[in-house]
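Single-letter residue listing:
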Amino acid sequence: MKFNIISDRGTSFLVTTPALVFLLGGMLLALRLNAPLMAGLCFFFLLLGILCRYWASKAMQDVTIQMECSRTRLFPGQETTIRYEVENKKLLPLVWLELSQNGPEKGCLVPDEAFEAYHPPYQGNPNESPPFLRQSFSFIGSYQSLQVDSVWQARRRGLYLIDQLVARSGDGFGLAQGNQPLPAQNLPTLAVYPRQVDV
């Protein structure tokens, strides 16, 4: 799966290609002008930028994410549990991890408080579409896995098609990050039926 370095949220200018070229040029110029302190400073930030960029490019490799739902058919007032299982199958640890998914249409389901609602900048008018939901985790070690259960409550009739689940991670300094989408065929669809009425 292709790994994308993203710049829309949290990536520092220090790890961009123009900044790294600028630092390299500054280091060479400082050496030419016999300014070792300036050359050392440029070299430090150049090395830091390259290290963070490399770390971010490798962070999501060999990471698998599975999503399971205990009940996919509900009536208003009932609850279901969605389990997220993240497995890091490499030596490089995940210092931080963020899972982001599309929110339910018309509020048919409400997640627990572990989620934060937000509108990505590319989504358009926030009033016309449901917010995205994200939750963050800290430190998943080498060759370790993490299971997190989230309780969702059905509120009103509707269909919740989870068609976008994206994992995001990066370097330990928070300067560079990348993302990995989970294939849509592995995501559950939840249905909330109309409230039962006695006749």
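Residues numbered from 1 in each chain as written. Predicted model: local features only at pLDDT ≥ 70, side-chain atom pairs only at ≥ 80, totals over all residues. Heavy atoms only, no water.

Participant: What is the right way to read the sheet that holds strand E10 (residues 158-161) from this model?
Facilitator: Sheets are built from strands that pair by backbone hydrogen bonding, the pairs being arranged parallel or antiparallel. Spatially, E3-E13-E10 is the arrangement adopted by the three strands of the open sheet, whose pairing is mixed. Each edge of the open sheet is held by one strand with a lone partner, namely strand E3 (73-74) and E10. Bridge count between E10 and strand E13 (residues 189-192): four bridges; the pairing is antiparallel. Within E13, the residue paired with Leu-161 across the bridge is Thr-189. (Pairing = 2+ DSSP bridges. Helix = DSSP H or I, 4+ residues; strand = E, 2+ residues; numbered from the N terminus.)

Participant: Is there a simple way to think about helix H1 (residues 17-32) in this case?
Facilitator: The periodicity of an α-helix, 3.6 residues per turn, causes residues three or four places apart in sequence to face the same way. With 16 residues, H1 should reach 22 Å at 1.5 Å per residue; the first-to-last C-alpha distance of 23 Å fits that figure. Buried within H1 are the following residues: Ala-19, Leu-20, Leu-23, Met-27 and Ala-30. Within H1, the buried residues cover an arc of 100° as seen down the axis, which keeps them to one side. Seen from the buried face of H1, the exposed residues on the opposite side, beyond 90 degrees, are Pro-18, Val-21, Phe-22, Leu-28, Leu-29 and Arg-32. On its buried face, H1 is in contact with helix H2 (36-59). Downstream of H1 by one or two residues, Asn-34 has phi in the positive range, about 60°. (Expected span 1.5 Å × (residues − 1). Buried < 20%, exposed > 50% of the residue type's maximum accessible area, 1.4 Å probe, protein only. Arc of directions from axis to C-beta. Contact = heavy atoms within 4.5 Å.)

Participant: I keep staring at the environment of Arg-53 and nothing clicks. Help me out?
Facilitator: Tracing the sequence through the fold places Arg-53 in helix H2. A relative accessible area of 31% means that Arg-53 is categorised as partly exposed. The spatial distance from the C-alpha of Arg-53 to the C-alpha of Thr-17 is 9.9 Å, given a sequence separation of 36 residues.

Participant: Please clarify how the confidence of the model for the chain should be interpreted in this entry.
Facilitator: Low-pLDDT portions of the prediction should not be read for the details of their coordinates. Per-residue pLDDT for the chain has a mean of 85; in total, 89% of the residues score no lower than 70. Confidence, read as mean pLDDT per element, is least for strand E1 (residues 4-5) in the chain (36) and greatest for E3 (94). Confidence drops under pLDDT 50 across residues 1-8; counting only partners more than four residues distant or on other chains, this segment forms 20 contacts. (pLDDT = per-residue confidence, 0-100.)

Participant: Explain a nonpolar patch on the surface here, please?
Facilitator: On the surface, Met-38, Leu-41, Phe-44 and Phe-45 cluster together into a nonpolar patch covering about 390 Å² of accessible area. Position of Met-38 relative to the elements: it lies in helix H2. Judged by its relative accessible area of 46%, Met-38 falls in the partly exposed class. (Patch = residues over 30% accessible without salt bridge, like charges linked within 9 Å, V, L, I, M, F, W, Y side chains within 5 Å. Areas by Shrake-Rupley, 256 points an atom, 1.4 Å probe, with all protein chains shown as cover. Salt bridge = Lys/Arg side-chain N within 4 Å of Asp/Glu carboxyl O.)

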